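Analysis of the macromolecular model
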Amino acid sequence: MRWQTGLAWGAALWLAAGVEGALGGGAPGPLFLLPLAAGLAGGPVTGLLVGAGAALLASAAGGPALALIALLTLAAGLGAGLLTRWVSARNLLVAGLAAFAASALAALLLALAAGQPPGEAGSFALRRGGVHALWMVAIYSIILVMSPRTVPRERREE
């Protein structure tokens, strides 16, 4: 079942990168969702490691406030991993709400750091959080479908 899990993560990465390209970038982009998904699916260490990788990808793509984006991406992965101590990791509602909260907070901080007025920054943050919550449902669904924890034991032994 290992190759199927890798395939699911590859599909999630492909979806997130495709959405980020279609949106024309912007911070935080859909790659910001991968550490959240990894933290929810694998715990704090996995979220932190995937957050480091996503932070490197975000910084390679260029953009404003690279250090802040990297720090927020790492914190999002770690925070999502810690969140699973209190809530179910297999719940799409939890994943969507985590994506909304983390993305809205990150977008607000980045917009304020860029010098936008607070009203525009808040509006941008709410829009970005809503879009990311919807995309997180799609990305996390792919991961949950292929996760060994959700596949019946009979299919795992194949």
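Right above here is the structure, for reference.
We now turn to the structure provided with this report. (Residues numbered from 1 in each chain as written. Predicted model: local features only at pLDDT ≥ 70, side-chain atom pairs only at ≥ 80, totals over all residues. Heavy atoms only, no water.)

Further remarks concern helix 5 (residues 92-113). For helix 5, with 22 residues, the first-to-last C-alpha span of 31 Å sits near the 32 Å given by 1.5 Å per residue. Of the positions making up helix 5, those classed as buried are V94, A95, G96, A98, A99, A102, S103, A104, A106, A107, L110 and A111. Among the residues of helix 5, the N-terminal cap falls to N91, whose side-chain oxygen and the backbone nitrogen of L93 are separated by 2.9 Å. G115 occupies a position one or two residues after helix 5 and carries a positive phi of about 95 degrees. (Helix = DSSP H or I, 4+ residues; strand = E, 2+ residues; numbered from the N terminus. Expected span 1.5 Å × (residues − 1). Buried < 20%, exposed > 50% of the residue type's maximum accessible area, 1.4 Å probe, protein only. Polar contact = N/O pair within 3.5 Å; in protein donor to acceptor, adjacent residues only side chain to side chain.)

Take a nonpolar patch on the surface next. A surface patch of nonpolar side chains, about 460 Å² in accessible area, is lined by L48, L78, L82, W86 and V87. Its place among the elements puts W86 in the loop between helix 4 (66-83) and helix 5. (Patch = residues over 30% accessible without salt bridge, like charges linked within 9 Å, V, L, I, M, F, W, Y side chains within 5 Å. Areas by Shrake-Rupley, 256 points an atom, 1.4 Å probe, with all protein chains shown as cover. Salt bridge = Lys/Arg side-chain N within 4 Å of Asp/Glu carboxyl O.)

With that settled, consider the environment of L112. Within the secondary structure layout, L112 lies in helix 5. Using a relative accessible area of 40% as the deciding quantity, one classes L112 as partly exposed. C-alpha of L112 to C-alpha of G122: the two residues are 10 residues apart in sequence and 8.9 Å apart in space.

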